[in-house]
Amino acid sequence: MKDKLKIGILSFPTACNHGAYLQVYALRGYLLEQNYNVKVINYRNKKHFLNEMRSMFVKKNVQLILFNLIRYLGFRRAQKRFDMVGMSFSHQDIGSDSYDVIIVGGDIVWDFGSSFIGHDPIYYGHNLKSKKVIAYAASAGNSKVGDCPNYVKSGIKNFSGIGVRDSESYKIANVIDTKANKSIVLDTTLIYDFPLTSNINHSKKYILIYAFTVTEDDRFELISFAAANDLDILSITFNNSHSWATKNFSTIDPLDFVELVRNAAYVFTSTFHGLLFSIKYRKQVALRNNPTIASKCSWLIENLSLDSVVISKESSVSKIFNNDRLFPESFNDHFDSLVLQSTVFLNSNIEV
């Protein structure tokens, strides 16, 4: 009987962000279902980690510091599911040579232009000594191919397979010619079936708000639509609670976040993963697009013909919520085809 391949996942497993967590959870869960020996590598770029800590805890507002502490501890509890060893800030301490395959991704691990994340060559395969390095659902965030530093260009050569989740990242993957298999694939959260949880039990139908910002026009429409349709408004908050919401979740386990989306009647979001999970569970979703997520969302929206979910002057929140043809007739078949293509890409590049 062939020994199980040992696979390491190199991502942002300790970031206090629902999307970052769920990408790792989904990739780990999918690979375990495929009967691989999977480990989440507890590595963070020191600059990235310190910037996150400063953004959460270097505040004049003591109440906000307490809010972030509760949030941080909640994510720490959730991260125990990954069964990781202690965090390392050095590529020398992760034992990369002990893995058959290291998978880099998903998340914006390729965002070389972000001063918050820092410039870390390890996510471009440098100093990784596993037998094979592949990328799956890696994203360059808002970085552009024309700005690629040398470590990015040389790093592309380290991968035997490169799966990215957006068009600009695909351009970066092709900044130099290599023999690697290269493809745009679905985010890890879209190829995995998340377990049900029993912690969320809201009996009344609701609109779920998962957004960094809500404009005054959005707020007016959400309140009006909820009142006209006898709906509650539940909000997963980041810094400030919404006094107009029925209930605010200031801290929530990532798997409970999934459950809130799964059970929502409608979703309003300005985040990439708010859109992804709404698509996953076929929700009436209104997307407030913005520069921080536009490059990450564009390929998915275009490929799945979902322009109608984007809020615009011609398409208000209520108009989107009332659109019974939000998902085109071909959507399910097309989505299932993308899931199949993505999983075939992942499995084949692990085994080749």
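Residues numbered from 1 in each chain as written. Predicted model: local features only at pLDDT ≥ 70, side-chain atom pairs only at ≥ 80, totals over all residues. Heavy atoms only, no water.

Next up on the list: the sheet that holds strand β11 (residues 284-287). Strand order in this open sheet of five strands is β9-β8-β7-β10-β11, and the pairing throughout is parallel. Sheet topology places β9 (247-249) and β11 at the edges, where each strand pairs with a single neighbour. For this sheet the average axis-to-axis angle between neighbouring strands, irrespective of direction, equals 20°. Sheet analysis places strand β8 (residues 232-236) next to β9, joined by three bridges and oriented parallel. Looking across to β9, one finds that isoleucine 236 is bridged to phenylalanine 249. Sheet contacts for helix α6 (residues 216-228): β7 (206-210), β8 and β10 (266-269); angle to β7, the most-contacted strand, approximately 160°. (Pairing = 2+ DSSP bridges. Helix = DSSP H or I, 4+ residues; strand = E, 2+ residues; numbered from the N terminus. Axes fitted to C-alpha atoms, helices over the stretch in contact; angles between N-to-C directions. Contact = heavy atoms within 4.5 Å.)

This next bit is on the nonpolar core. By size, the foremost hydrophobic cluster in this structure holds 92 residues, and its most contacted members are Leu31, Ile103, Phe194 and Leu346. Beyond its immediate stretch of four places on either side in the chain, leucine 346 contacts Leu27, Tyr30, Leu31, Ile103, Ile134, Tyr136 and Ile191. Phe12, Tyr43, Phe112 and Tyr123 belong to the second-largest nonpolar core, a separate cluster that totals 33 residues. (Core = buried A, V, L, I, M, F, W, Y, C linked by side-chain atoms within 4.5 Å. Buried < 20%, exposed > 50% of the residue type's maximum accessible area, 1.4 Å probe, protein only.)

Here we take up the side chain of glutamate 168. Structurally, glutamate 168 can be placed in helix α5 (residues 167-173). Residue classification places glutamate 168 among the buried residues on the basis of a relative accessible area of 14%.

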